[in-house]
Amino acid sequence: MNAPSDAPSAEATLTFDGECIPFAPGETIMTAAMRAGHTVPRLCWHEGIRPVAACRLCTVHVNGRPVAACSTPAEAGTQVECHTPALQAQRLRLLQMLFVEGNHFCPGCEKSGHCQLQHQAAEAGMLDLHYEALTPQRPVDASHPDVLLDTNRCILCQLCVHASGDIDGKHVFAIGGHGSETRLMINSPTGKLGDSHLDIQDKAAQVCPVGALLPKRRGFSVPIGERSFDSEDTPS
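Residues numbered from 1 in each chain as written. Predicted model: local features only at pLDDT ≥ 70, side-chain atom pairs only at ≥ 80, totals over all residues. Heavy atoms only, no water.

(A) The overall build of the protein, seen in detail. A tally of helices and strands in the protein yields 4 helices and 10 strands. Mapped in sequence order, the helices and strands of the protein form the string β-β-α-β-β-β-α-α-β-β-α-β-β-β. Within the protein, buried positions represent 42% of all 236 residues. Expressed as a percentage of contacts within the protein between residues at least 6 apart in sequence, the contacts between residues at least 24 apart total 62%. Taken as a whole, the protein presents about 13,000 Å² of accessible surface, with 52% of it coming from carbon and sulfur. (Helix = DSSP H or I, 4+ residues; strand = E, 2+ residues; numbered from the N terminus. Buried < 20%, exposed > 50% of the residue type's maximum accessible area, 1.4 Å probe, protein only. Contact = heavy atoms within 4.5 Å. Areas by Shrake-Rupley, 256 points an atom, 1.4 Å probe, with all protein chains shown as cover.)

Have a look at this one:
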């Protein structure tokens, strides 16, 4: 009878932009790539919240087929392309459409320097809007004592929706409407944030990647120049 082998099993790998990287069972392409030190553009992914592939900024080609890196399981032997000229051009157009669909004026936004949309636009080399700005005039909800909701800046990433439902267990937020009328909805008798069960300590109040959900009375508590992305070089 052969003795059982004590040799460790070979670690599964995939190829990401030409580099062979390992991954653990259950990992997605994005988490495997990030663990290996690679950058994957993203807006709607947040650690600890189930991925929904809403923004599609993380689209990669797997063996030539476009998939969302945040929600696609890593598979052994696959060839993943992320930073190709075609995908970079596609991401730039997606970002430009997000900017013109909303009302994003970075110099006047408290989220500036911490904003994922602003950061990803800089990384993509975005210098203009390309499309005609829609400049919506959506309502600002200041009814909550601790949280401000500005739907003009909402990019429908759904992070607050799933954080509230899956982590906080409150289901404060939902997405409703169709097409250009798609919007963030509040689960409360009046539809106002102040009548909801949202608390400032809830995960849903802390995961917004842009300036749509902001804590009140904390304006510019972190000075410009010392924020998350302020120290990063903008690509030339």
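(B) The pairing of strand 3 (residues 59-62), seen in detail. For strand 3 and strand 4 (residues 65-68), the ladder comprises 4 bridges, and the chain directions are antiparallel. When the sheet's bridge partners are listed, Thr59 is paired in strand 4 with Ala68. The hairpin turn running from strand 3 into strand 4, its antiparallel successor, is 2 residues long, and Asn63 in that turn takes a positive phi close to 50 degrees. With 2 bridges joining them, strand 3 and strand 5 (residues 79-81) adopt antiparallel strand pairing. (Pairing = 2+ DSSP bridges.)

(C) Fine view of the sheet that holds strand 5. Sheet architecture is open: 5 strands sit in the order 2-1-5-3-4, paired in mixed fashion. The sheet is open, and its two borders are formed by strand 2 (19-22) and strand 4, each paired with just one other strand. Strand-to-strand twist of the sheet, defined as the mean angle between neighbouring strand axes without regard to direction, takes the value 35 degrees. Relative to the sheet, helix 2 (residues 85-101) contacts strand 3 and strand 5, its axis offset from that of strand 3 by approximately 155 degrees. (Axes fitted to C-alpha atoms, helices over the stretch in contact; angles between N-to-C directions.)

(D) Broad picture of the packing of helix 2 against helix 3 (residues 116-123). Interaxial distance between helix 2 and helix 3 falls to 10 Å at its minimum, and their mutual angle equals 140 degrees. When the axes of helix 2 and helix 3 are compared, the pair comes out oblique. Every pair of crossing elements has a handedness; the one defined by helix 2 and helix 3 is left-handed. Contact residues: helix 2 offers Leu95, Leu98 and Phe99, while helix 3 offers Leu117, Gln120 and Ala121. The class makeup of the residues in the contact of helix 2 with helix 3 is 5 nonpolar, 1 polar and no charged. (Parallel < 35°, antiparallel > 145°, perpendicular 65-115°, else oblique. Left-handed = near helix turned anticlockwise from the far one by under 90°. Nonpolar A, V, L, I, M, F, W, Y, C, P; charged D, E, K, R; others polar.)

(E) How the structure looks around the confidence of the model for the protein. With 93% of its residues at a pLDDT of at least 70, the protein reaches an overall mean of 91. Note that residues 1-9 has pLDDT below 50 and, in this model, 0 contacts with residues that lie over four places away or in other chains. (pLDDT = per-residue confidence, 0-100.)

(F) Structural context of the environment of Leu57. With respect to the helices, strands and loops of the structure, Leu57 is situated in the loop between helix 1 (29-35) and strand 3. Residue Leu57 is classed as buried on the basis of its relative accessible area of 2%. In this structure the C-alpha to C-alpha distance between Leu57 and Thr15, which are 42 residues apart in sequence, comes to 20 Å. Among all residues touching Leu57, those that are not within four sequence positions of it are Pro41, Arg42, Leu43, Arg91, Leu94, Leu95 and Gln120.

(G) Layout of helix 3. Every buried residue of helix 3 is accounted for by Gln116, Leu117, His119, Gln120 and Ala121. Here the buried face of helix 3 lies against helix 2.

(H) Expanded view of the side chain of His144. Residue position: His144 is located in the loop between strand 6 (140-141) and strand 7 (147-150). Within the local environment of His144, its side chain forms a polar contact with the backbone nitrogen of Asp146, the two atoms lying 2.9 Å apart. When residues no more than four places from it in sequence are discounted, the contact partners of His144 are Leu193, Gly194, Leu198 and Lys216. (Polar contact = N/O pair within 3.5 Å; in protein donor to acceptor, adjacent residues only side chain to side chain.)

(I) Focus on the pattern of salt bridges. Across all of its chains, the model carries 6 salt bridges by this definition. Salt-bridge contacts for Asp166 lead to Arg50; the nearest nitrogen and oxygen are separated by 2.5 Å. Taken as a pair, Asp166 in helix 4 (residues 159-168) and Arg50 in the loop between helix 1 and strand 3 lie far apart in primary sequence, 116 residues in all. For Asp166, a relative accessible area of 44% translates into the label partly exposed. In this structure Arg50 comes out as partly exposed when scored by relative accessible area, which is 47%. (Salt bridge = Lys/Arg side-chain N within 4 Å of Asp/Glu carboxyl O.)

(J) Up close: the nonpolar core. Counting residues in hydrophobic clusters, the biggest one holds 35 residues, and the most contacted among them are Leu117, Phe173, Leu193, Leu198 and Leu213. Listed by contribution, the elements that provide at least two residues to this core are helix 2, helix 3, strand 7, helix 4 and strand 9 (183-186). Top contributing element to this core by residue count: helix 4, with 4 residues. Judged by nonpolar contacts, the second largest core, of 21 residues, contains Phe16, Ile21, Val60 and Val80. (Core = buried A, V, L, I, M, F, W, Y, C linked by side-chain atoms within 4.5 Å.)

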